[in-house]
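Coordinates in review
Given next are the chains, with one letter for each unit.
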Amino acid sequence: GESVGLHLPTLSVQEGDNSIINCAYSNSASDYFIWYKQESGKGPQFIIDIRSNMDKRQGQRVTVLLNKTVKHLSLQIAATQPGDSAVYFCAETGLGGSNFGNEKLTFGTGTRLTIIP
Amino acid sequence: EADIYQTPRYLVIGTGKKITLECSQTMGHDKMYWYQQDPGMELHLIHYSYGVNSTEKGDLSSESTVSRIRTEHFPLTLESARPSHTSQYLCASSVGGSLNEKLFFGSGTQLSVL
């Protein structure tokens, strides 16, 4: 069945270093991918998205890479700051779900990113 | 900053009580959702709505019910709360052409049933 999973449940990074959070997905029909950031006590917040016709997309200090061959997604955060500490979720959606015309997001389990001062 | 609000923020209640979790958004989004999330775990979709008078069950079976009488309001009700309902409930909305694109989430309601 469909699943979205993250390689590591926790990640600790020194402040100022770059972070890489990885995500694997199994649905080859997935065509839209999103990264969310969830800080403690808050709801998830949209960070960046990418469609399957792209390999890379950049935002402010963040880059998402998509490798459709191996069904792998990564989020790179440059020059991490204390405010980057949070749980990061990847999510995917695509045509071919069980409900016709209903492309529902599937969330992974999340990676907790801790920034070490 | 997204304008989607959930109340209450925290709720501790006894078994058997009826509860309603409120969710409102002021963005005029047609699509709204309820997710259930256990600590450190993934989000599971329990209900969603395409618009007024539309309600659908999500992937995770839930004993809760929802209603969508107004565009901006999507309350979730548990007729008889049980300890197994203890969890965080997140409401979200979106305006994208595809269901679930760019969800805007509320801060959640942390429900504890004793």
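Residues numbered from 1 in each chain as written. Chains lettered and ligands numbered in written order. Predicted model: local features only at pLDDT ≥ 70, side-chain atom pairs only at ≥ 80, totals over all residues. Heavy atoms only, no water.

1. Re the interface of chain B and chain A
Across the contact, 23 residues belong to chain B and 21 residues belong to chain A. Summing the contributions of chain B and of chain A, the shared interface buries around 1,700 Å²; its carbon and sulfur component is 49%. Between chain B and chain A we count one salt bridge in total. Note that Lys102 of chain B is salt-bridged to Asp49 of chain A, the shortest N-O span being 3.8 Å. If you look at where chain B meets chain A, you find three residue pairs in polar contact (both at pLDDT 80 or more). Mapped onto the side of chain B that touches chain A, the elements with two or more residues apiece are strand S4 (31–37), strand S5 (43–49) and strand S9 (87–94) of chain B. (Contact = heavy atoms within 4.5 Å. Buried area = accessible area lost by both parts, 1.4 Å probe. Salt bridge = Lys/Arg side-chain N within 4 Å of Asp/Glu carboxyl O. Polar contact = N/O pair within 3.5 Å; in protein donor to acceptor, adjacent residues only side chain to side chain. Helix = DSSP H or I, 4+ residues; strand = E, 2+ residues; numbered from the N terminus.)

2. A word on the sheet that holds strand S8 (residues 76–78) of chain B
Residue and element names in this part refer to chain B. Strands sit in the order S1-S3-S8-S7 across an open sheet of four strands; the sheet is antiparallel. The sheet terminates laterally at strand S1 (4–7) and strand S7 (65–66), the two strands that pair on one side only. Sheet analysis places strand S3 (residues 19–25) next to S8, joined by three bridges and oriented antiparallel. Counted as the bridge partner of Ile19 is Leu78 from S8. (Pairing = 2+ DSSP bridges.)

3. Considerations on the pairing of S9 of chain B
Residue and element names in this part refer to chain B. Among the eight residues in S9, eight count as buried, and that is most of the element. Side chains Ser87, Tyr89, Cys91 and Ser93 project from S9 onto one buried face, and the interleaved Gln88, Leu90, Ala92 and Ser94 project onto a second face that is buried too. Pairing of S4 with S9, which is carried by seven bridges, proceeds in the antiparallel orientation. Bridging from a neighbouring strand, Lys31 pairs with Ser94 of S9. Here S9 runs beside strand S11 (residues 109–113); their pairing, made up of three bridges, is antiparallel. Note on S11: the bridge partner recorded for Ser87 is Leu111. (Buried < 20%, exposed > 50% of the residue type's maximum accessible area, 1.4 Å probe, protein only.)

4. Let's talk about the side chain of Asp49 of chain A
Relative to the assigned elements, Asp49 of chain A resides in strand S5 (residues 45–51). Here Asp49 of chain A falls in the buried class, since its relative accessible area comes to 7%. In terms of polar contacts, Asp49 of chain A uses its side chain to reach the side chain of Tyr32 of chain A, at 2.5 Å. Engagement of the side chain of Asp49 of chain A in a polar contact is seen with the side chain of Arg57 of chain A, the distance being 2.2 Å. Residues in contact with Asp49 of chain A, not counting those within four places in the same chain, are Tyr32, Phe33, Ile34, Arg57 and Val64 of chain A together with Lys102 of chain B.

Function cannot be inferred from these measures alone, as they are strictly geometric.
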